[in-house]
Structures are given as structure tokens and as C-alpha cells.
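Tertiary structure, described
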Amino acid sequence: VHRFGPFIGQLTARYFSFYARRARVILALNNGAASNLRAAGVPEVKIVRFPWGIWGVDRTVFYPRTSIPHPVFREPTILFAGRLDPEKGIRDLLHAFSMLAHKYDDWNLFLIGKGMLEDEVITFAKANKLTDRIHLLGWIPSRELPAYYSAARIMVYPSVTTKRGEMAAIQGWSEQVGTVILQSLACGTPVVATRSGAIPEYLRDDCGLLVPEHDPDNLAAAIEKILTDDGLRTRLAKNGERYIAGEFDAKKNVEKAEEMVLSWLRHERMTND
């Protein structure tokens, strides 16, 4: 694979360049995608940053709820939702929670999702005497997630960038968006996440806290800061809801995309006429 890396890169660049010459506009999901397009020779004037493909959040589904999501779900809760794989920062989250759990004996960690680290999570909980504080909930349908987001006091999303050759579910990967972050904010739950991939582009500092990758100490400190300050948590929650409503309402973004495409087509028609 490594021998063919440069060849594949050149082929990809030529592919982008070929279509870029014929495209009026190319939508980039994040700054990293835009940078790759520039490196492939796509003119800056053709690149428009827009959440094409994820659109945002369906706010008819993701909004604050008051129902209890699960019999074992209890407060105060730190929540994670996503793949239980190394690149999602699961190990860092476990170590951060271990520090906090021995300081706050009523705090709990719930993990939604499945992945290659499930057994490791169980082993860690047993080794640290946290089997009654760390809970694996498995896979949960998307439409049921809002109740969990709403019931949690905080969502933690500690993704880490991986390089080719590292032990992970996906080799050579960085977070592209972190849709769980947007969904959680829509449900009124603040987020602690890492400065990983495109996460800083999508999580504003008035909606949550960002910490370095692979840093359980700072991760624990950020979680503690939000959970022990009711005023801060309330402000972040309200800001998050407003932020999603203003910029990541899926219905509005689809309508915006439709209008963008129609305007380009109208302009093209006028130019050709």
C-alpha cells in the first residue's frame, strides 16, 4: 500500500483537477476538505464551505426531552455516543473518568455504541472498581438518542487523529464533523471535545470546551469545570441550542442548498443565452 501511495495521490489530484475545470462550484464539508481541493489545483473561487452530506440536525427529532431514557440511566451522567474504537478517544475518556470517579462518588459514565474496545471497557471498569459507574448501553436507534442526550449533563467526544500503521479501526483518519456534537447541542447538552480534525470548526467555545488530543488530565478538568458550575453549564446549553437552530437546522440547510443550486443554474442559463 505504501509503495503505491504517491501514485494514488497523483491520480486523485488529476481526477479532482479534471472535474474542477468543468464544475462551477465544489462544496467542501470542512477546512481540511477545502485544503485538499486547493492542493489538487481547484481554484479558490470555486470552493464553497457547506455541510453538504450531513446537512445538520433534524430539529423535529433532536430537541430537549424530559423523559427518562433507560431504567439504569441516572444523574449526574457523563455521556459518550459513537464507535467504541481507539480513534474515538475511548481510552482517554476512561482514564479521565477514573480520575473524576474517585473524587465524585455519584458521577456516572454511559457509553452508547459498539466497537473493538467493548471488552477493554469492561476490563477497565473491573480493574478500577467502577463496574457500577461505567455503563455500556450498546447500539441505540438514532431516534431514541435525544432522550439520552437530554438526560445527560454533559457529552464528551474525545476523538484522536490516527496515522497509517497505528492500531485503530480506521488507519490514517481524522474527525470530519462529529455529528454527535451537533445532535447533543440541539438537545441542550454542552460538549467537551478534543481539538481533533474538524471538531474545532463545528464546536464553538460558547457551546462547549475543547482540549488537546491524548490528554486525560485536561479532559477530566474540562468535564469537572462544566459539571461543577451550574451557571456555566446552563449558558453553554442555551448557546448550543441557539447555535444549532441558527446554523445547523437540516431543513433550512437543505432549502439553502436547493436555492444555491438553482441560482447557479439560473446564472449558467443567463450566461449561455
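So, here is what we can say about the structure in this document. (Residues numbered from 1 in each chain as written. Predicted model: local features only at pLDDT ≥ 70, side-chain atom pairs only at ≥ 80, totals over all residues. Heavy atoms only, no water.)

Structural notes on the nonpolar core
If you look at the biggest cluster of nonpolar residues, it comprises 67 residues, and the most contacted ones within it are Ile-78, Leu-79, Leu-111, Ile-134, Tyr-149 and Ile-223. Ranked by the residues each element gives to this core, the list is headed by helix H3 (residues 90–101), at seven residues. Excluding its chain neighbours within four sequence positions, the residues that come into contact with Tyr-149 are Phe-62, Leu-79, Ala-81, Met-155, Val-180, Gln-183, Ser-184, Cys-187 and Thr-189. In terms of nonpolar packing, the next biggest core, distinct from the first, is built from seven residues, Ala-20, Ile-26, Ala-28 and Val-42 among them. (Core = buried A, V, L, I, M, F, W, Y, C linked by side-chain atoms within 4.5 Å. Buried < 20%, exposed > 50% of the residue type's maximum accessible area, 1.4 Å probe, protein only. Helix = DSSP H or I, 4+ residues; strand = E, 2+ residues; numbered from the N terminus. Contact = heavy atoms within 4.5 Å.)

Some details on the environment of Trp-264
Following the sequence through the fold, Trp-264 ends up in helix H10 (residues 250–272). Not counting residues up to four positions away in its chain, the partners in contact with Trp-264 are Arg-24, Val-25 and Leu-27.

As for the pairing of strand S7 (residues 191–194)
Residues Val-191 and Ala-193 line one face of S7 and the alternating positions Val-192 and Thr-194 line the opposite face, and both faces are buried. Where strand S6 (residues 154–157) meets S7, three bridges bridge the pair, whose relative direction is parallel. Bridging across to S7, Met-155 finds its partner in Val-191. (Pairing = 2+ DSSP bridges.)

Looking at the side chain of Lys-88
Here Lys-88 lies in the loop between strand S3 (77–81) and H3. Assessed through its relative accessible area of 4%, Lys-88 is described here as buried. Contacts of Lys-88, omitting those with residues within four sequence positions, involve Phe-80, Arg-83, Tyr-157, Pro-158, Ser-159, Trp-173 and Glu-175.

Observations regarding helix H9 (residues 230–247)
Over its 18 residues, H9 extends 26 Å from the first C-alpha to the last, a length consistent with the 26 Å expected when each residue adds 1.5 Å. Where H9 is concerned, the buried positions are Leu-232, Arg-233, Leu-236, Ala-237, Asn-239, Gly-240, Tyr-243, Ile-244 and Ala-245. Near the N-terminus of H9, the side chain that reaches the backbone nitrogen of Gly-231, with its oxygen 3.2 Å away, is that of Asp-229. (Expected span 1.5 Å × (residues − 1). Polar contact = N/O pair within 3.5 Å; in protein donor to acceptor, adjacent residues only side chain to side chain.)

Some points on the packing of H3 against helix H4 (residues 118–127)
Angle between the axes and distance between the axes: these two values describe a pair of packed helices. Their axes nearest at 11 Å, the elements H3 and H4 cross at an angle of 15°. As the angle between them shows, H3 and H4 are arranged roughly parallel. The way H3 lies across H4 gives a crossing that is right-handed. Contacts between H3 and H4 involve Ile-90, Arg-91, Leu-94, His-95 and Ser-98 from the former and Glu-120, Val-121 and Phe-124 from the latter. Residues belonging to the contact of H3 with H4 are distributed by class as follows: four nonpolar, two polar and two charged. (Axes fitted to C-alpha atoms, helices over the stretch in contact; angles between N-to-C directions. Parallel < 35°, antiparallel > 145°, perpendicular 65-115°, else oblique. Left-handed = near helix turned anticlockwise from the far one by under 90°. Nonpolar A, V, L, I, M, F, W, Y, C, P; charged D, E, K, R; others polar.)

Focus: the pattern of salt bridges
In total, this model carries eleven salt bridges according to the counting rule given. Between Arg-59 and Asp-249 there is a salt bridge; the shortest N-O distance is 3.1 Å. Taken as a pair, Arg-59 in the loop between strand S2 (47–49) and S3 and Asp-249 in the loop between H9 and H10 lie far apart in primary sequence, 190 residues in all. Between Arg-233 and Asp-230 there is a salt bridge, and its shortest N-O distance comes to 2.8 Å. You can see Arg-233 and its partner Asp-230 sitting in helix H9, three residues apart, about one turn around the helix. Residue classification places Arg-233 among the buried residues on the basis of a relative accessible area of 16%. One continuous salt-bridge network, built from bridges that share partners, spans Arg-83, Asp-85 and Glu-87. (Salt bridge = Lys/Arg side-chain N within 4 Å of Asp/Glu carboxyl O.)

Here's the deal with a nonpolar patch on the surface
Side chains of Val-261, Leu-262 and Leu-265 sit close together on the surface and give an oily, nonpolar patch of about 250 Å² of accessible area. Given the relative accessible area of 43%, Leu-262 is considered partly exposed. (Patch = residues over 30% accessible without salt bridge, like charges linked within 9 Å, V, L, I, M, F, W, Y side chains within 5 Å. Areas by Shrake-Rupley, 256 points an atom, 1.4 Å probe, with all protein chains shown as cover.)

Let's talk about the sheet that holds strand S4 (residues 108–112)
If you walk across this open sheet you meet the six strands as S5-S4-S3-S6-S7-S8, and the pairing is parallel. Of all strands in the sheet, those bounded by a partner on one side alone are strand S5 (134–138) and strand S8 (208–211). The mean inter-strand angle of the sheet, taken between neighbouring strand axes irrespective of direction, is 20°. Where S3 and S4 come together, five bridges link them in parallel fashion.

Notes on the packing of helix H6 (residues 179–186) against H9
Contact geometry of H6 with H9 gives a least axis separation of 7 Å together with a crossing angle of 115°. In terms of orientation, H6 lies roughly perpendicular with respect to H9. Note on packing geometry: the crossing formed by H6 with H9 is left-handed. Taking contact as the criterion, the partners of Leu-182, Leu-185 and Ala-186 in H6 are, on H9, Gly-240, Glu-241, Tyr-243 and Ile-244. A breakdown of the residues in the contact of H6 with H9 according to their chemical character gives five nonpolar, one polar and one charged.

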